[in-house]
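Listed below are the residues making up each chain.
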Amino acid sequence: MDYIGRIFRPPSEAESMLLQVTVGCSHNKCTYCAMYSDGDQKFKVKPWETVKADIDEIANSGYQPRRMFLCDGDALILSTNKLCKILEEIRTSIPTVRRVGIYGDARSVLKKSVDELKQLKDLGLGIVYHGVESGSDQVLENICKGSTAEQAVETAHRLKEAGIRHSVIVMLGVGGTELSEIHATETAKILTAMDPPFVGALTTTVVPGTPMNAAQLAGEFTLPDPWQMLDELRTIIDKAELTRCAFHSNHASNYLPLRLNLPTDREKGLQLIDEILSQRDPSMLKDERLRGL
Ligand code: SF4
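Here the residue numbers are simple positions, counted from 1 along each chain's written sequence. Under the rules for a predicted model, residues below a pLDDT of 70 receive no local features and side-chain atom pairs below 80 are neither given nor counted, while totals for whole chains, interfaces and linings still include all residues.

Draft legend 1. Representation of the nonpolar core in the model. Structurally, a nonpolar core is described as a collection of buried Ala, Val, Leu, Ile, Met, Phe, Trp, Tyr and Cys residues joined by way of C-beta atoms within 7 Å. Each residue is classified by how many other C-beta atoms fall within 10 Å of its C-beta atom, where C-beta atoms are placed from the backbone; a count of 20 or more means buried, 12 or fewer means exposed, and values in between mean partly exposed. Membership of the largest hydrophobic core comes to 73 residues, with the highest contact counts inside it found for L70, A75 and I236. Top element by residues in this core is helix α6 (residues 149-162). It accounts for six residues. Numbering of helices and strands starts at the N terminus; helices are DSSP runs of H or I of at least 4 residues and strands are runs of E of at least 2.

Structure representation (structure tokens):
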């Protein structure tokens, strides 16, 4: 397989066959992100011949994956035509594949009409993982997300209309201590407006060499402590009105791993968080050394 640079995928795609169709991220400006900072990860679209050779390799290997994930960072930025060609080839050559997943965001989804998205869905695109990060436009601007809260909501509606599952990622602590409260309340609000079937909450980690790290060193950004992050998580779980959502905070970065079905498990989640917040016993949180990005 032709893999260039470090390959990332959502935790829930651990069993999926990874097919790299683009390298890096076409945006590559989010201030906390160091995923595609290596020299060989500059954004590019991989040639069709390379992608086709990888699909053939999987088809000829005897391995029969049920799921595939198209890498890298925002592969949905590819044109509908290119994506259709890839999905058609997967369908023809590896018929065991039942679902294809991809990273996308407001920029890549809103470039496509509902009809185009339906076309992709009909060819097997089943889920889009979308780093929304925050519902606060001020936070989104500070982190150079490249899209607004309103655009994120429009993204959710467009994917829903096309019948594509939407997995939303939000980041605890990404607004810093200063915007912590507004970040949490606005994130609850945007989740209510988006009403996605999946939400993953990650904990912001300041990675050396990133613009967020520079802001931290300059005293312009302060990462909330674990208790303030838990406060944010509490606000989001309490205030987001979701119809039927698998809400997870079990990413390696989190201090408190939770798996909740919202709204059913809302009280259970809040009670646990309240107990931890009242005791403030660090041993109730994941050990700092066990946390990952
Ligand atoms: S869109 Fe995603 S991959 Fe690209 S810079 Fe932002 S966080 Fe990183």
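From this point, the discussion proceeds with the structure in view.
Draft legend 2. Structural context of the pairing of strand β4 (residues 67-71). Extensive coverage of β4 is indicated by the burial of four of its five residues. At least two DSSP bridges between two strands are required for those strands to pair. In the sheet, strand β1 (residues 17-20) pairs with β4 via four bridges, with the strands oriented parallel. The partner of Q20 across the bridge, within β4, is C71. Strand direction decides the pairing type here: β4 and strand β5 (residues 99-103), joined by four bridges, are parallel. Residue pairing across strands places R67 opposite R99, the latter belonging to β5. Throughout, right-handed denotes a crossover for which the path from the first strand over the helix to the second runs clockwise when the strands point away from the viewer. In this region the chain leaves β4, passes through helix α2 (residues 80-93) and returns to the parallel neighbour β5; the handedness of that crossover is right-handed.

Draft legend 3. Structural context of the site of the ligand. Only the C-beta atom matters for this test: placed from the backbone, it must lie within 6 Å of a molecule or strand for the residue to be near it. Neighbouring residues of the ligand: C25, H27, N28, K29, C30, C33, M35, Y36, G73, D74, D105 and G131. For the shell around the ligand, the per-class residue count stands at five nonpolar, four polar and three charged. Three classes are used, and their members are as follows: Ala, Val, Leu, Ile, Met, Phe, Trp, Tyr, Cys and Pro are nonpolar, Asp, Glu, Lys and Arg are charged, and the others, Gly among them, are polar.

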